[in-house]
Amino acid sequence: MNTIADLIAKEEFFQGLDQSSLEFVAGCGRNVRFATGDRILTEGEPADTFYLLRSGSVAITFYVPGQGGVIVDNIGAQDVVGWSWLFDPYRWQFDAEAREDVSAVAFDGVCLRAKCDADPQLGYALVLRFARVMLQRLQSVRMRMLDIYGSGPHH
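All of the points below concern the structure found in this document. Keep in mind that what you see is a predicted model, and the values were worked out from it rather than measured.

**With respect to unusual backbone geometry**
Turning to step 1, where the next piece is worked out: Note that the residue after Asp88, namely Pro89, is joined by a cis bond; omega there is 20°.
Turning to step 2, where the next piece is worked out: In this structure, Pro89 sits in the loop between strand 6 (80-81) and strand 7 (95-98).
Turning to step 3, where the next piece is worked out: Of note in this structure, Gln78 is not a glycine but carries a positive phi near 75°.
Turning to step 4, where the next piece is worked out: The topology assignment puts Gln78 in the loop between strand 5 (68-75) and strand 6.
Turning to step 5, where the next piece is worked out: Using a relative accessible area of 46% as the deciding quantity, one classes Gln78 as partly exposed.
Turning to step 6, where the next piece is worked out: Positive phi outside glycine occurs at Tyr90, with the angle close to 60°.
Turning to step 7, where the next piece is worked out: As for its placement among the helices and strands, Tyr90 is situated in the loop between strand 6 and strand 7.

**Overview of the state of the cysteines**
Turning to step 1, where the next piece is worked out: Here the structure, examined in full by the defined rule, presents one disulfide.
Turning to step 2, where the next piece is worked out: For Cys28, the disulfide goes to Cys111, at an S-S distance of 1.9 Å. In this structure the cystine formed by Cys28 and Cys111 twists about its S-S bond by roughly -75°; its chirality is therefore left-handed. One end of the pair, Cys28, is in the loop between helix 2 (19-26) and strand 1 (29-34); the other, Cys111, is in helix 3 (residues 109-118), with 83 residues separating them in the sequence.
Turning to step 3, where the next piece is worked out: Accessibility expressed as a relative area gives 6% for Cys28, which makes it buried.
Turning to step 4, where the next piece is worked out: Cys111 gets classed as partly exposed once you look at its relative accessible area, which sits at 23%.

**Topic: the environment of Tyr63**
Turning to step 1, where the next piece is worked out: By the element assignment, Tyr63 lies in strand 4 (residues 58-64).
Turning to step 2, where the next piece is worked out: As a C-alpha pair, Tyr63 and Glu43 span 20 residues in sequence and 8.9 Å in three-dimensional space.
Turning to step 3, where the next piece is worked out: If near-sequence neighbours (up to four positions away) are discounted, Tyr63 is found in contact with Glu43, Gly68 and Gly69.

Rules behind the numbers
- Residues numbered from 1 in each chain as written.
- Predicted model: local features only at pLDDT ≥ 70, side-chain atom pairs only at ≥ 80, totals over all residues.
- Heavy atoms only, no water.
- Helix = DSSP H or I, 4+ residues; strand = E, 2+ residues; numbered from the N terminus.
- Buried < 20%, exposed > 50% of the residue type's maximum accessible area, 1.4 Å probe, protein only.
- Disulfide = S-S within 2.5 Å.
- Contact = heavy atoms within 4.5 Å.

Structural data, given as structure tokens:
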């Protein structure tokens, strides 16, 4: 039986963390499942978790006036969903829905913030990893907005 630490050690997101850091982080994790169509994150709701997807896919969406919910990214296995647990006021910035059955490791954000406060080196390593994810998501949003609104006239 693999432990959470064993599972995350194999994931790209956690590459470069030493074994004690992996076990430290894993102490905040638990295995979860979502069925196709399940809402995982809801914009504006309290953000207290992040998910490392092991299988399945998740659509990241946000509301655009006149358009409704717009998919800005599709996330698959070995990727992470949710970074808002890191930043005050700890509210989700997007919606996320399972596009197919999802298996994931859910990490408790309150637990992780406490561990990051106790070990600033680990906190910095995690923030760098999430900064990469945020940059990728922002690029996805940018491309999606170009798709929706086109390059139109520049003012």
